[in-house]
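Summary of the model geometry
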Amino acid sequence: MPDSDYGTTSKLLHRLALATPFVAQASHDLESMLNRQSSGARNGRHVFVAGLARAGTTVLMRSLYRSGEFRSLTYRDMPFVLMPKTWSGISSLFRRHKAEEERAHGDRVMVNFDSPEAFEEVFWRSFCGDEYIYDTALKPHHPGEETIEQFQRFVGNVLTSNESDGRERYLSKNNNNLLRLPAIAEAFPKAVIFIPFREPFQHAFSLKKQHELFLSTHAQDHFSLDYMNWLGHHEFGGNHRPFRFGESGLTLEDYRPDSLEYWLCCWADSYAYVLNHLPAAARLISYEDLCGTTNRERSRLREHAGLALEGDANLFQFAKAKSHATPEVNLIVKTRVCEIYSALQNARPSAG
């Protein structure tokens, strides 16, 4: 949300709720004690959207949310996102409404208090952040059984936080779930995981642009930097920490974030890992095809999600980004990302 939405009191409340893992854990425990658990939490037909930032995860999540079948966290659930029902009752006393505004990314995506967003990572950072968040990188995460049970309770709490709207399936958009794909698939055996991927050079351009934008933002606004840390978002900006899977054969340390090669290496590392560890429940989705003029990829999306999204073609068309000319980059990097991109395209039929 724009910084104008965070006054002094709001910033203090966010710091109280999010900065200290103990407070977040306590709010989750309180919610779990006060509210009955959803019987469909573990075995529901939920949807998890995970991918490298700028792969189209937001527009994919929004199209699913528009179906009316999914409950997802929204900006109204902030900052006590681990106790959504209890906080909804408290915050209703001073609930506000506002028109949509462009989000901080400057990418024409409009948001207001009722927009679904990726706040789920607050759970993982609060309960076990030191298991995967390192000083310079985020690494694959293998949560233990107790943590998985707590996460299933969290999903149940989200599902029961507003039962009057008829949304019975949980919807997650969390890029960091790439770090824990096997655990998500095992914890929710009837769920589907959508992993969008994008043409690597256009994707790298977008990542680099966002990194530069957020570097400037974070240098001027320390609360914005803290906010991204609390949410576990390290994709770009002053708190950037790349995913490190080590399966692409490329060396990220050879490049700096101001080079396109750096972001191509990030892309290659993430999607090489996806190819090597794709759960049976996961479905690869092409960003370019999703935003294209034909319905093939959107039909695949509808089929796998088990719902009708025919009316969302305009939403995907709107998300189509401007293309940049393919630049001259290191030949080894270029060859490797092209190999991985081809493998992703070829893997889609077998994944569906």
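Below or above, wherever it landed, is the structure these notes cover. (Residues numbered from 1 in each chain as written. Predicted model: local features only at pLDDT ≥ 70, side-chain atom pairs only at ≥ 80, totals over all residues. Heavy atoms only, no water.)

Further remarks concern the overall build of the protein. A tally of regular secondary structure across the protein gives 14 helices and seven strands. The 352 residues of the protein split such that 59% are buried. A sequence separation of at least 24 residues applies to 78% of the contacts in the protein between residues at least 6 apart. Carbon together with sulfur atoms contributes 50% to the accessible area of the protein, which is approximately 15,200 Å² in total. (Helix = DSSP H or I, 4+ residues; strand = E, 2+ residues; numbered from the N terminus. Buried < 20%, exposed > 50% of the residue type's maximum accessible area, 1.4 Å probe, protein only. Contact = heavy atoms within 4.5 Å. Areas by Shrake-Rupley, 256 points an atom, 1.4 Å probe, with all protein chains shown as cover.)

Here we come to the nonpolar core. Nonpolar side chains tend to gather and get buried jointly when the protein is soluble and globular. Counting residues in each nonpolar core, the largest one holds 78 residues, and the members touching the most others are F151, F154, I195, W267 and Y271. For this core, the element with the most residues is helix α10 (residues 260–276), which contributes 12 residues. (Core = buried A, V, L, I, M, F, W, Y, C linked by side-chain atoms within 4.5 Å.)

Okay, the sheet that holds strand β1 (residues 47–49) next. With parallel pairing, the five strands of this open sheet are ordered in space as β2-β5-β1-β6-β7. One side of each edge strand has no neighbouring strand; the edge strands of this open sheet are β2 (70–71) and β7 (282–286). Pairing of β2 with strand β5 (residues 169–173) involves two bridges; the strand directions are parallel. Bridge pairing links R71 to Y170 in β5. Strands β1, β2 and β5 of the sheet are contacted by helix α6 (residues 145–159), whose axis makes an angle of about 115° with β5. (Pairing = 2+ DSSP bridges. Axes fitted to C-alpha atoms, helices over the stretch in contact; angles between N-to-C directions.)

On to the packing of helix α2 (residues 21–34) against helix α5 (residues 121–128), then. Running from N to C, α2 and α5 cross one another at 115°; their axes reach a closest spacing of 8 Å. Note on packing geometry: the crossing formed by α2 with α5 is left-handed. On α5, the residues that touch P21, A24, Q25 and H28 of α2 are F123, R125, S126 and F127. Considered class by class, the residues forming the contact of α2 with α5 number four nonpolar, three polar and one charged. (Left-handed = near helix turned anticlockwise from the far one by under 90°. Nonpolar A, V, L, I, M, F, W, Y, C, P; charged D, E, K, R; others polar.)

With respect to the element layout, E199 can be found in the loop between β6 (192–197) and α8 (200–220). There is no salt bridge for the buried E199, and the closest opposite charge comes from R198, which lies 6.9 Å off by N-O distance. Here the side chain of E199 touches Q202 through a polar contact of 2.7 Å, landing on its backbone nitrogen. Leaving out residues up to four positions away in the same chain, E199 has contacts with E288 and Y341. (Lys, Arg positive; Asp, Glu negative; His and termini not counted. Salt bridge = Lys/Arg side-chain N within 4 Å of Asp/Glu carboxyl O. Polar contact = N/O pair within 3.5 Å; in protein donor to acceptor, adjacent residues only side chain to side chain.)

Along helix α4 (residues 84–91), the residues classified as buried are P84, T86, W87 and S91. The arc enclosing the buried residues of α4, seen along the axis, measures out at 160°, which places them on a common side. Residues of α4 that are buried in the fold lie against α1 (8–18), α2, β2 and α6. (Arc of directions from axis to C-beta.)

Within the fold, R283 resides in strand β7. A sequence separation of 21 residues divides R283 from H304, and the C-alpha atoms of the two residues are 7.9 Å apart.

Next up on the list: the pairing of β6. Counting buried residues in β6 gives six out of six residues, a clear majority hidden from the surface. Both faces of β6 are covered, namely the face carrying V192, F194 and P196 and the face carrying I193, I195 and F197. Here three bridges tie β1 to β6, and the two strands are oriented parallel to one another. Each bridged residue has a counterpart across the sheet, and for V49 the counterpart in β6 is F194.

Another aspect to go through is the pattern of salt bridges. For the structure on display, the rule yields 10 salt bridges. Across the pair R244 and E253 runs a salt bridge whose closest N-O atoms are separated by 2.9 Å. R244 sits in the partly exposed class, given a relative accessible area of 27%. Taking relative accessible area as the criterion, E253 reaches 55% and is therefore assigned exposed. With a closest N to O distance of 3.8 Å, E297 and R296 form a salt bridge. Residue classification places E297 among the buried residues on the basis of a relative accessible area of 1%. One salt-bridge network, held together by shared partners, links R296, E297 and R300.

Right, let's talk about the packing of aromatic side chains for a bit. Under the criterion given, the structure shown has 21 aromatic pairs. Relative to Y227, the ring of F223 lies with its centre 6.0 Å away and its plane at 40°, an arrangement referred to as tilted. With F223 and Y227 both in helix α9 (residues 222–230) and four residues apart, the pair spans about one turn of that helix. Judged by relative accessible area, F223 falls into the buried class, the value being 8%. Among the residues examined, Y227 registers a relative accessible area of 10% and is labelled buried. Plain terms: the ring middles of W267 and Y271 are 5.2 Å apart, the flat faces sit at 45° to each other, and that makes the pair tilted. Linking W267 with Y271, this pair stays in helix α10, spanning four residues, or about one helical turn. Taking relative accessible area as the criterion, W267 reaches 0% and is therefore assigned buried. Grouped by ring-pair contacts, the aromatic residues F48, F123, W124, F127, F151, F154, Y170 and F188 constitute a single cluster. Above the ring of Y134, the side-chain terminus of K139 is found at 4.9 Å from the ring centroid. Residue placement shows R180 over the ring face of Y132; its charged tip is 4.9 Å from the ring centre. (Phe/Tyr/Trp six-rings, centres within 6.5 Å; stacked < 30°, edge-to-face > 60°. Lys NZ or Arg CZ within 6 Å of the ring centre and 35° of its normal.)

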